[in-house]
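Residues per chain, in single letters:
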Amino acid sequence: ETGVTQSPTHLIKTRGQQVTLRCSSQSGHNTVSWYQQALGQGPQFIFQYYREEENGRGNFPPRFSGLQFPNYSSELNVNALELDDSALYLCASTLRLAGATYNEQFFGPGTRLTVL
Amino acid sequence: AQSVTQPDIHITVSEGASLELRCNYSYGATPYLFWYVQSPGQGLQLLLKYFSGDTLVQGIKGFEAEFKRSQSSFNLRKPSVHWSDAAEYFCAVARIKAAGNKLTFGGGTRVLVKP
């Protein structure tokens, strides 16, 4: 139990629609990362938010966007859904400390998105 | 760019037998290396990590891993597997920079445990 929650658990959308996935970080964590895990593959980094600003992005198009809120929650938005967007979406929260070389990421259980 | 390769997609092992999962990485500097486990319907749980120092690291649930720089490997081992170890295992490398710690994962190894 990491204290990171995600909603919804499962979601079904059709191609072309938009979707919002939500993540609630551990209390006090100032950083959230989002990963996409396609079936049979390892997670891939989408982007990271630190103190409500995007702080690093993987190889994902602009139709993947995010928000981080002051209350430690965050959202992942995907516009113009494509079939290949079907995946498990994981968020990970971190307390990023100044001077630390690494800050551990705590993962939520994920949201399973199916695009038909 | 860093990358992680897990050569074995599936491994089947008998309960009580030993387990070794392979991981090879490509990274331009000293890597920060991790092993995670993912059970069905669960998120990723950190088993162990290597940053520096002793190349044999101990983790939770009786797992250990050995860092071998010369082979660019970070293999995970467990001397005696339990049925509850059936899961998917991911090796990952972190790029350490002030802007954050993005994890790059391998493709995973699914472990099946026979009674």
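Please refer to the structure placed before this passage.
Residues numbered from 1 in each chain as written. Chains lettered and ligands numbered in written order. Predicted model: local features only at pLDDT ≥ 70, side-chain atom pairs only at ≥ 80, totals over all residues. Heavy atoms only, no water.

Summing up its helical and strand segments, chain A has zero helices and eleven strands in all. What you see in chain A, going N to C, is helices and strands ordered as β-β-β-β-β-β-β-β-β-β-β. Over its C-alpha trace chain A gives a radius of gyration of 14 Å, about what one expects of a compact globule, namely 13 Å for 116 residues. Across the 116 residues that make up chain A, the buried fraction comes to 50%. In chain A, once contacts between residues fewer than 6 apart in sequence are set aside, the share between residues at least 24 apart is 55%. Element-wise, carbon and sulfur atoms account for 49% of the exposed surface of chain A, whose accessible area totals about 5600 Å². Looking at chain A, you have 8 positive and 9 negative side-chain charges, and the mean spots of the two groups are 4 Å apart. (Helix = DSSP H or I, 4+ residues; strand = E, 2+ residues; numbered from the N terminus. Rg over C-alpha atoms; globule rule 2.2 N^0.38 Å. Buried < 20%, exposed > 50% of the residue type's maximum accessible area, 1.4 Å probe, protein only. Contact = heavy atoms within 4.5 Å. Areas by Shrake-Rupley, 256 points an atom, 1.4 Å probe, with all protein chains shown as cover. Lys, Arg positive; Asp, Glu negative; His and termini not counted. Charge placed at Lys NZ, Arg CZ, Asp CG, Glu CD.)

When helices and strands are counted, chain B shows zero helices and twelve strands. On C-alpha atoms alone, chain B measures out to a radius of gyration of 14 Å, which is about the 13 Å that the 2.2 N^0.38 rule sets for 115 residues. The principal-axis extents of the C-alpha atoms in chain B amount to approximately 45 × 30 × 25 Å. The 115 residues of chain B split such that 47% are buried. Put simply, of all contacts in chain B between residues at least 6 apart along the chain, 54% involve residues at least 24 apart. For chain B, the exposed surface amounts to about 5500 Å²; the carbon and sulfur share of it is 49%. Charged side chains of chain B number 12 positive and 8 negative; the gap between the two group centres comes to 9 Å.

Now for the state of the cysteines. Residues and elements named next belong to chain A. A full pass over the atoms with the stated rule returns two disulfides over all chains. Between the sulfur of Cys23 and that of Cys91 lies a disulfide, 2.0 Å long from S to S. Classification of the bridge connecting Cys23 and Cys91 rests on its S-S torsion, roughly 70 degrees, and on that basis the disulfide is right-handed. Taken together, the positions of Cys23 in strand S3 (residues 19-24) and Cys91 in strand S9 (residues 87-94) put the pair 68 residues apart, joining distant regions of the chain. The exposure classification of Cys23 matches that of Cys91, with both residues buried. (Disulfide = S-S within 2.5 Å.)

All names here are of chain A. Turning to its location among the elements, Glu53 is positioned in strand S6 (residues 53-57). A residue is classified by how much of its surface remains accessible, and Glu53, at 58% relative accessible area, is exposed. Along the sequence, Glu53 and Gly66 sit 13 residues apart, while their C-alpha atoms lie 9.2 Å from each other. Once you skip the residues sitting within four places of it in the chain, Glu53 turns out to touch Gln48 and Gln68.

All names here are of chain B. Ranked by internal contacts, the top residues of the largest apolar core, which has 26 residues, are Trp35, Leu48, Phe74, Leu76 and Tyr89. Sorting the residues of this core by element identifies strand S2 (10-14), strand S3 (19-21), strand S5 (32-38), strand S6 (44-50), strand S8 (64-68), strand S9 (73-78), strand S10 (87-94) and strand S12 (109-114) as the ones contributing at least two each. In terms of residue count, the dominant contributor to this core is S10 (four residues). (Core = buried A, V, L, I, M, F, W, Y, C linked by side-chain atoms within 4.5 Å.)

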